[in-house]
2 protein chains.
Amino acid sequence: MGKAGLPVSPLAPARFPDLPVIAGIDFASAAAGVKYQGRTDVTLIRIAPGSSVAGAFTRSSTRAACVLDNQAKLAAGGDAPQGAAIVINSGNANAFTGARGQESVDAVTGAVASALDLPRGRVFSSSTGVIGEPLPHDRIVAVIGDLVAGLDAGGVAGAAQAIMTTDTFPKGASAVVEAEGGQVRIAGIAKGSGMIAPDMATMLVYLFTDARVPADLLQQALSSGLDATFNAITVDSDTSTSDALILAATGQAESAPITDLGTDTGRAFVSALHGVMRDLAHQVVRDGEGATKFVEVAVTGAASDADAHKVAMAIANSPLVKTAIAGQDANWGRIVAAVGKSGAEADRDRLRISFGDMVLAENGWRAPGYDEAAASAYMKNQDLRIGVDLGLGSGARTVWTCDLTHGYIDINADYRS
Amino acid sequence: MGKAGLPVSPLAPARFPDLPVIAGIDFASAAAGVKYQGRTDVTLIRIAPGSSVAGAFTRSSTRAACVLDNQAKLAAGGDAPQGAAIVINSGNANAFTGARGQESVDAVTGAVASALDLPRGRVFSSSTGVIGEPLPHDRIVAVIGDLVAGLDAGGVAGAAQAIMTTDTFPKGASAVVEAEGGQVRIAGIAKGSGMIAPDMATMLVYLFTDARVPADLLQQALSSGLDATFNAITVDSDTSTSDALILAATGQAESAPITDLGTDTGRAFVSALHGVMRDLAHQVVRDGEGATKFVEVAVTGAASDADAHKVAMAIANSPLVKTAIAGQDANWGRIVAAVGKSGAEADRDRLRISFGDMVLAENGWRAPGYDEAAASAYMKNQDLRIGVDLGLGSGARTVWTCDLTHGYIDINADYRS
């Protein structure tokens, strides 16, 4: 069972992966009783002196106090000569909590700064859970001493557990890059299950590497990967107030510093980083609230990439497409309707729709070899691929989503209570 | 039970209203077995010579053959000196059926034109049901003789039944206008339950009046009412391939012709017409697939009307807001998140959110008098009103939606089969 008492997603990986230790990063988690009882709900992450930090955050106009605070702190630059820290709580989003929200952020990050002897401007924070209720920050401040005492380079799995809300499994991913002078390691954790339609950022995601990368290049490596990873997933079209991704590079690997992303090492690092981001993004979808199917929607032949994105998201967010998938119904007519409503340039008579390798419709109608029985059999797979070619240009976009089931209604008709 | 075997919506009116007879309009319905068995599924509507006709249709780029055909025919003007007709089938949308789709439209409308001695260009048609399957138009053509023999000015209730798909109740509305020289009557029927997010048009809606109104003014009276009625409803954010509204004015009332919409009579007519349109739009929402709550979302104080529309639709289409309403949970934090993701200009600290007359949040946080018990009690009402004031300008927009329940999943996870 997951932390919220929900059965583990049928799409969950068999187990939490073995993540490499990232020299210079320590984790600790504790049970502060922010909302949940009998489980860990606060995580502290210490980032060693000499690291650099990058971030990406939701573009929601009602974003949470901690998001605004992180953005303000990172606007001053990503260098952390004296080190940095991240403090995260689940159970309360500290969003839409007015001036009180910032007071809570100040109380928690101030206490961490004191305990770790860090500048306040290098203590980042995240809160996830219900919106609009005051954060009982005293409960978090009360466990900071215990957290500091428990900091451990091997605590990453516990951290991935503590940040869960309606998640049914902890999410981690890693990569090792053969860089000039030695190996570079990347490890990350994420949480997210509902309110998933990231806008230029992510759910809560924390990525760590022992590479030495200057803050501006680190931000560039991160930003260039967002569109094809976290911004390409949707569970329910609802963008969160609290999406946040923080990436820290400690520089403690033996390899040479990365000072140019265009070198072999630079490209290998960026590619591995984006691979870890994609893996975590997929895990968020695989833990989509109520999900029983993992669905790739690949749009090609659009007039532009922007049009391809519109079409892919119109399909991935269509309740009618998602319920058909839940029902294992090869109802490709609903995909036609979603293309039509997307607002993108489309020509009914050039449209081609495929499931896996099977072409269902082309030239404005059912494909000549259309086989309803084969299409229905395909829908019984757990991982599905919907291909849409618009036949107009070279715009392309792939996004990932899950189905819409009774489980989603169960979870969200009384999540708060 | 409704026609699709579904229990009648708890939001349904007690009974189908008594609609006034519109002189010059006759209805007939028959069972052609297009898809459903043991129920009527084809309707013929005859419009008397000397009438004028107006229409509004979906802007989907994958719109159905009959929609394209209607648009082409109305582009030539709305006068019908020799009369007109509408033929409608349920059970098959004749959408995404390529060249075969237009052949089906020609076969059906051609047969009606012959049977009623009408120009083919004055026979309109609609098809509603599954997308992507060829329309068995021979079955429809085979019952046209029976339909013509059964034409009857009192057949409107039967027509409202025959056009249903997943609808659980037939929808009708009417108005009587005191016009210069006598009364003018307006009557309309509609179908719609899922795939409801009309874009510049409607579901299937047919409106009739015995007023004498030139075609251009009739179109103007219709078009000016769309934004605040059918374009202001959403069940599931999925815009149909087949939305169509046709309005016919027979001119058989005793009152003087309406030659100016700005006169007292003209304004009264437009107001009554829009009232009938709003009534039918609300009935479509009240028959939203799986609906148990009727929800008005009223946005005020936006920087522009367009921004107010974005915010209202972001709330009305949010799965998290809609499942909270289904769960009778006063989870206004999800409304904050929906405002944030809408893309409209918003300032967290000026936002005010109310349920009915109760202010829940203002100035960026819970209202001082916030009463969780009272808010929860309010959510038990069947008809709900969510008010959002953005505190920025004078832009305003009201839209209507329903909740998202297990019933929606039930209906759509295996509607086609």
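What counts as what
Residues numbered from 1 in each chain as written. Chains lettered and ligands numbered in written order. Predicted model: local features only at pLDDT ≥ 70, side-chain atom pairs only at ≥ 80, totals over all residues. Heavy atoms only, no water. UniProt positions renumbered as here; feature names shortened; annotations may be inferred. Pairing = 2+ DSSP bridges. Helix = DSSP H or I, 4+ residues; strand = E, 2+ residues; numbered from the N terminus. Contact = heavy atoms within 4.5 Å. Axes fitted to C-alpha atoms, helices over the stretch in contact; angles between N-to-C directions. Parallel < 35°, antiparallel > 145°, perpendicular 65-115°, else oblique. Left-handed = near helix turned anticlockwise from the far one by under 90°. Least-squares fit on C-alpha atoms with pLDDT ≥ 70 in both. Buried < 20%, exposed > 50% of the residue type's maximum accessible area, 1.4 Å probe, protein only. Lys, Arg positive; Asp, Glu negative; His and termini not counted. Salt bridge = Lys/Arg side-chain N within 4 Å of Asp/Glu carboxyl O. Polar contact = N/O pair within 3.5 Å; in protein donor to acceptor, adjacent residues only side chain to side chain.

- Going by an unreviewed UniProt entry, chain A carries the name Arginine biosynthesis bifunctional protein ArgJ and comes from Paracoccus liaowanqingii.
- Recorded in UniProt for chain A, the comment headed Function (unreviewed entry) runs: "Catalyzes two activities which are involved in the cyclic version of arginine biosynthesis: the synthesis of N-acetylglutamate from glutamate and acetyl-CoA as the acetyl donor, and of ornithine by transacetylation between N(2)-acetylornithine and glutamate."
- According to UniProt, the comment filed for chain A under the heading Subunit (unreviewed entry) is "Heterotetramer of two alpha and two beta chains."

**Considering the sheet that holds strand 3 (residues 51-57) of chain B**
Residues and elements named next belong to chain B.
Consideration 1: Ordered by their spatial adjacency, 6 strands build an open sheet running 4-3-10-9-8-7, and the pairing between neighbours is mixed. Bordering the open sheet on either side are strand 4 (79-80) and strand 7 (171-179), each of which pairs with just one other strand.
Consideration 2: The sheet strands contacting helix 6 (residues 215-226) are strand 3, strand 4 and strand 10 (244-249), and the helix crosses strand 3 at an angle near 30 degrees.
Consideration 3: Contacts from helix 7 (residues 264-286) reach strand 7, strand 8 (182-191), strand 9 (204-209) and strand 10, with the element oriented near 170 degrees to strand 7.

**Brief notes about the packing of helix 9 (residues 319-326) of chain A against helix 10 (residues 333-341) of chain A**
Two measures define how a pair of helices packs: the angle their axes make with one another and the distance between the axes.
All names here are of chain A.
Consideration 1: Interaxial distance between helix 9 and helix 10 falls to 9 Å at its minimum, and their mutual angle equals 160 degrees. By the angle between their axes, helix 9 is roughly antiparallel relative to helix 10. The element helix 9 and its partner helix 10 pack so that their crossing is left-handed. Of helix 10, the residues touching helix 9 (which contributes Leu320, Val321, Thr323 and Ala324) are Arg334, Ile335 and Ala338.

**Thoughts on the relation of the copies chain A and chain B**
Consideration 1: The transformation that overlays chain A on chain B combines an axial shift of 0.0 Å with a rotation of 180 degrees, and the residual RMSD is 0.0 Å. Such values leave the two copies arranged in the relation of a two-fold axis. Measuring from the rotation axis to each C-alpha of chain A, the shortest distance belongs to His406 of chain A, at 2.9 Å.
Consideration 2: Mapped onto chain B, 100% of the interface residues of chain A are again interface residues, and the two copies thus contact each other with one and the same surface.

**Some remarks on the side chain of Lys322 of chain A**
Residue and element names in this part refer to chain A.
Consideration 1: Structurally, Lys322 is set in helix 9.
Consideration 2: No salt bridge is formed by the buried Lys322. Its closest oppositely charged neighbour is Asp236, at 7.5 Å.
Consideration 3: Reaching out from Lys322, the side chain makes a polar contact with the backbone oxygen of Ala316 at a distance of 2.9 Å.
Consideration 4: When residues no more than four places from it in sequence are discounted, the contact partners of Lys322 are Thr234, Val235, Ala316, Asn317, Thr401, Cys402, Asp403 and Leu404.

**Quick notes on the pattern of salt bridges**
All names here are of chain A.
Consideration 1: Applying the stated criterion across every chain yields a total of 27 salt bridges over all chains.
Consideration 2: In this structure, the salt-bridge partner of Lys73 is Asp69, at a minimum N-O distance of 2.8 Å. Of this pair, Lys73 and Asp69 both sit in helix 1 (residues 65-75), 4 residues apart, which is roughly one turn of the helix. As far as burial versus exposure is concerned, Lys73 and Asp69 are alike and both buried.
Consideration 3: Sharing partners across several salt bridges, the network here consists of Asp167, Lys171, Lys191 and Asp287.

**A few points about the sheet that holds strand 12 (residues 352-355) of chain A**
Residue and element names in this part refer to chain A.
Consideration 1: Sheet architecture is open: 6 strands sit in the order 14-13-12-15-11-16, paired in mixed fashion. Only two strands of the sheet have a single neighbouring strand rather than two, namely strand 14 (365-366) and strand 16 (395-402).
Consideration 2: Summarising the sheet, strand 11 (residues 294-302) and strand 15 (residues 383-389) pair through 7 bridges and their orientation is parallel. When the sheet's bridge partners are listed, Ala298 is paired in strand 15 with Gly387.
Consideration 3: Of the strands in this sheet, strand 11, strand 15 and strand 16 are in contact with helix 8 (residues 305-316), which crosses strand 16 at around 20 degrees.

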